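# What the coordinates show
So you can see what is in the structure, the chains are spelled out below.
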Amino acid sequence: MNAEPGQNPATTGSARRLDVIVVGAGFGGLYAIHKYREMGLAVQGFEAGGDVGGVWYWNRYPGARVDLPSICYSYAFSREVEQEWTWSEYFAAQPELLAYFNFVADRLSLRKHFKFNTRVTRAAWDEERQLWVVTTDGGETFEAPYCVMATGPLSVPKDPEIPGLDRFKGELYRAARWPHHPVSYAGKRVGVLGTGSTGIQIVQEVGPKAGELFVLQRTPSFTMPMRNRKLEPDYVAEVKRNYAGLRQAALNSPNGGLRPASTRAFFSVTPEERQKLMEDGWRNGGLAMLGTFSDLLANAEANEHVAEFVRGKIDEVVKDPVTAEKLKPRGYPIFARRPCLDSSYYETYNLPNVHLVDCQTDPILEITEKGVRTASGEIELDMLILATGYDGLTGALLAFDVVGRNGQTVNQKWKDGARSYLGLMLEGFPNLFMTTGPNGPAALANIVRISEHDVDWFAALMTHMKEHGLKAVEPTKQAEDAWMALVASLADRTLLSKAKTWYVGANVKDKPLGLTLFTGGFPKYREHCAAAATNGYRDFSFEKAHAAVAA
Ligand code: NAP
């Protein structure tokens, strides 16, 4: 080991030497720093943002709120954190989530291990010395045998490909880079571009406050009632007593949450019973509907029944039939895009100051100095809010040079699509670890459970290597090929590829198309990862110091 945990790392030449470098201070990064420090390793984290929180540091947009229950969307690794932190709402809002990150960082003294406002500009594997050399935008260099990319699946925001964005003279805000100062909408003409999870949350929040709100919608999303609520002290006490049970249930749930796997196929029950179950799902709120039947992502006909049920709910809420019709998603399966949860989205369109602009029939031509020009004319705006999504899953690792063996970059390796073994490691990139990486279950399961799982899995591998005097590890090409074949064959069985989404890379120009997510469910994923370790890591090739040997 190179330095005592918490102490300044040793210095080799002008580079600082560590055991583990961690990129990112979100859920994965914070836990990685904690875990590896506990193992006695010298750790250093880097974070482009000004503080901890990852996506919740950046996404301060109005109405930002998690769509998984807070009691699930929180760390399980620390009993102290679990017991001392109290969630106030079933689905926590961004300020509370950020407060949670700060609480964890302070409680476990993690902040001192991070350099904030520091972007990693290059990470390169040094073949001879068997370590990663990492440089930052501050011009500093750090070295460590292991590098953990805890960069998150949604950390690179994407601007729309619409000419004229830089011409707009009004207030321009990006949801994923929201300013830290208060923003006022009162009396202003506000445009929101994008109607995914982010846009929906913004619309319902800003609609009642703005002078006029213009929602620029290209593809309508399916959204269901969140049914958020304050958590009562008795409920919180019960959760705290039963956290161990809840965590175990989450590990066995397909999405790492509270919802157990359903075994009821849609057509296995009568039409009356189906209707009642859908009504129950709607009334219960959250993602209850998705868990009501087992085959909603496999059976297109069953899926369409649920989609039609939700379209019917739009009619029940939205008073203007023309607006209601435009809000109805068609042409892709429900749940194939990330299902959204809302508290008053459809109701917002009943406000006289809220206008839906259907960009399918009235496409946006350009952004002007004064606003947005669509085919039917110019909409003058004081403020334009971009909620246009992310270069998901791969964007963060493609945003800088990550250089593996023989000078190969991740960009080159992924030119035809993201490849990995288990979503955790890349052939050709020794000792490079990814939390929530492509071809794992990220986006389809609770990111906190996945992050903890991944960090623990890397810890076991590093321990194995230390015990066996091994210096470098990477998956074999055969193992990576086999994993990619499994991911592809599972993807073929779901409807998830049938919508143009960030899940399949369809939202980024020239990105190779394909569902780079493991769709077999979180429990199965954990089984695969566990087996890769308990079989003696036979899917990996290891090196001792400077000499290639089989494990
Ligand atoms: P998104 O789902 O990718 O939605 C982006 C929106 O921008 C889409 O409506 C898209 O329309 C639109 N858009 C992009 N370029 C456009 C253009 N040139 N012209 C017109 N419209 C354009 O992104 P997001 O809403 O930020 O959500 C991303 C993910 O973040 C979600 O899937 C979810 O996983 C996560 N998220 C979670 C929460 C939560 O926990 N509650 C909240 C927010 C986000 P098209 O579909 O037509 O391309």
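Per chain, residue numbering runs from 1 following the sequence as it is written. Only residues with pLDDT of 70 or above have their local features reported here, since the model is predicted, and side-chain atom pairs are shown and tallied only from 80 upward, although totals for entire chains, interfaces and linings are computed over all residues. As a rule here, side-chain values cover all heavy atoms of the structure and leave hydrogens and water aside.

### Structural notes on helix α5 (residues 197–206)
Since the α-helix advances by 3.6 residues per turn, residues separated by three or four positions end up pointing in the same direction. Per-residue accessibility, obtained with a 1.4 Å probe over protein chains only, is compared with the maximum for each type, and a residue is labelled buried under 20%, exposed over 50%, and partly exposed between these values. Runs of E in the DSSP output that reach at least two residues are strands. Runs of H or I that reach at least four are helices, and both are numbered from the N terminus. The buried fraction of α5 is high, at 8 of 10 residues. Burial in α5 covers these residues: T198, G199, I200, Q201, I202, V203, Q204 and V206. Note on definitions: a residue-residue contact is assigned when non-hydrogen atoms from the two residues lie within 4.5 Å. Buried-residue contacts for α5 involve β11 (189–193), β12 (212–217), β13 (223–225), β14 (340–342), α12 (345–348) and β19 (383–386).

### What to know about the environment of F27
Within the secondary structure layout, F27 lies in helix α1 (residues 27–38). Looking at F27, the relative accessible area reads 7%, which means it is buried. Sequence-wise, F27 and N299 are 272 residues apart; in three dimensions their C-alpha atoms are separated by 34 Å. When residues no more than four places from it in sequence are discounted, the contact partners of F27 are W56, Y73, Y75, Y100, F101, I447, V448 and S451.

### What to know about the sheet that holds strand β9 (residues 146–149)
Strand order in the open sheet formed by 5 strands is β5-β4-β3-β9-β21, and the pairing between neighbours is parallel. Two strands lie at the open edges of the sheet, namely β5 (114–115) and β21 (432–434), each paired on one side alone. Relative to β9, strand β3 (residues 20–23) runs parallel, the two being bridged by 4 bridges. The residue bridging I21 from the neighbouring strand is C147, located in β9. Along the sheet, α1 contacts β3, β4 (43–46), β5 and β9; its crossing angle with β4, the most-contacted strand, is approximately 170°. Only the stretch in contact is used when fitting a helix axis, every axis being a line fitted to C-alpha atoms; angles between N-to-C directions are given from 0 to 180 degrees. Of the strands in this sheet, β3, β9 and β21 are in contact with helix α15 (residues 447–467), which crosses β21 at around 160°. For two strands to be treated as a pair, DSSP must find at least two bridges joining them.

### Some details on the confidence of the model for the chain
What pLDDT conveys is the predictor's confidence in a given residue, as a value from 0 to 100. Per-residue confidence for the chain gives a mean pLDDT of 95; residues scoring 70 or more make up 97%. This stretch, residues 1–11, has a pLDDT under 50; its non-local contacts, to residues over four places away or in other chains, come to 26 contacts.

### Quick notes on unusual backbone geometry
Despite not being glycine, N117 shows a phi value in the positive range, around 50°. On the basis of relative accessible area, N117 is assigned to the exposed category, the value being 57%. Within the chain, N406 stands out as a residue other than glycine whose phi angle is a positive 55°. Inspection of the secondary structure puts N406 in the loop between β20 (401–403) and α14 (410–413). Judged by its relative accessible area of 75%, N406 falls in the exposed class.

### Here we look at the pattern of salt bridges
A pair is scored as a salt bridge if a Lys or Arg side-chain nitrogen falls within 4 Å of a carboxyl oxygen belonging to Asp or Glu. Within this structure, the stated rule accounts for 43 salt bridges. When the shortest N-O distance is used, the salt bridge between D280 and K276 registers 2.8 Å. Placement of both D280 and K276 in helix α8 (residues 271–284) is noted, with a separation of 4 residues, approximately one turn of the helix. We classify D280 as buried; its relative accessible area is 18%. Between D391 and K511 there is a salt bridge, with the nearest N and O atoms lying 2.6 Å from each other. With D391 in the loop between β19 and α13 (395–398) and K511 in the loop between α16 (477–492) and α17 (522–534), this residue pair connects regions lying 120 residues apart in the sequence. Of the residues examined, K511 reaches a relative accessible area of 17% and is grouped as buried.

### Brief notes about the pairing of β4
A regular strand places its side chains on the two faces of the sheet in alternate fashion. The alternating pattern of β4 places V43 and G45 and Q44 and F46 on opposite faces, both of which are buried. Judged from the 4 bridges that link them, β3 and β4 form a sheet pairing that is parallel. When the bridges of β4 are listed, V20 appears paired with V43. Orienting the strands away from the viewer, one traces the path from the first strand over the helix to the second; a clockwise path indicates a right-handed crossover. Traced from β3 through α1 to β4, the parallel crossover comes out right-handed. Sheet topology note: the β4/β5 ladder contains 2 bridges and is parallel. Along β5, the bridge assignment pairs F46 with K115.

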